[in-house]
Amino acid sequence: LVCHILPQDQVHELMFTKAKRIATKADIHKKARLEVNKQRSTDALKGITAKLVKREEMKRKKLAALGIDYDFPGYAAGVTSTDDAEPSSKRR
């Protein structure tokens, strides 16, 4: 362990701000909520949707391999109908 003592002029002015503040659960939950609910670009939404459709196709193949005839609309049905639509910027 090596320790160096810095002169006061080399220490950043925000070095110890909020040092004694304890992070609460509310702070952690707020940060997580903001991360989940953030506005995403059209490209990001297309990537998320493509991933969901790919996973859904894999599930359908697994069910077919097991001999289960299970028909559900899933994400693929929603992608074809709303592919050209812009994502809504309105939030609740």
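That block above? That's the structure.
Residues numbered from 1 in each chain as written. Predicted model: local features only at pLDDT ≥ 70, side-chain atom pairs only at ≥ 80, totals over all residues. Heavy atoms only, no water.

Caption draft 1: Representation of the overall build of the protein chain in the model. Counting its secondary structure elements, the protein chain contains three helices and zero strands. Helices and strands appear in the protein chain in the N-to-C order α-α-α. Counting all 92 residues of the protein chain, 2% fall into the buried class. In the structure as shown, the protein chain presents an accessible area of about 9,300 Å², 58% of it carried by carbon and sulfur atoms. (Helix = DSSP H or I, 4+ residues; strand = E, 2+ residues; numbered from the N terminus. Buried < 20%, exposed > 50% of the residue type's maximum accessible area, 1.4 Å probe, protein only. Areas by Shrake-Rupley, 256 points an atom, 1.4 Å probe, with all protein chains shown as cover.)

Caption draft 2: Examining a nonpolar patch on the surface more closely. On the surface, Leu 66, Ile 68 and Tyr 70 cluster together into a nonpolar patch covering about 360 Å² of accessible area. Relative to the elements of secondary structure, Tyr 70 occurs in the loop between helix H2 (42-65) and helix H3 (74-81). (Patch = residues over 30% accessible without salt bridge, like charges linked within 9 Å, V, L, I, M, F, W, Y side chains within 5 Å. Salt bridge = Lys/Arg side-chain N within 4 Å of Asp/Glu carboxyl O.)

Caption draft 3: A look at the pattern of salt bridges. Counting across every chain of the model gives three salt bridges. Lys 38 is paired through a salt bridge with Glu 35; the nearest N and O atoms lie 3.2 Å apart. As a salt-bridge pair, Arg 60 and Glu 56 come within 2.7 Å of each other at their nearest N and O atoms. In this pair, Arg 60 and Glu 56 are both assigned in helix H2, four residues apart and thus about one turn of the helix distant. Owing to a relative accessible area of 28%, Arg 60 belongs among the partly exposed residues under this scheme. Given a relative accessible area of 5%, Glu 56 falls into the buried group.

Caption draft 4: Main features of H2. End to end, H2 covers 35 Å across 24 residues, agreeing with the expected 34 Å (1.5 Å per residue, within 8%). Among the residues trailing H2, Gly 67 stands out with phi positive, at a value near 80 degrees. (Expected span 1.5 Å × (residues − 1).)

Caption draft 5: Representation of the packing of aromatic side chains within the structure. Following the criterion strictly, the structure yields one aromatic pair and no others. For the ring pair Tyr 70 and Phe 72, a centre distance of 5.1 Å and an interplane angle of 40 degrees mean the geometry is tilted. We classify Tyr 70 as exposed; its relative accessible area is 54%. Against the face of Phe 72 rests Arg 60, its NZ or CZ located 4.1 Å from the ring centre. (Phe/Tyr/Trp six-rings, centres within 6.5 Å; stacked < 30°, edge-to-face > 60°. Lys NZ or Arg CZ within 6 Å of the ring centre and 35° of its normal.)

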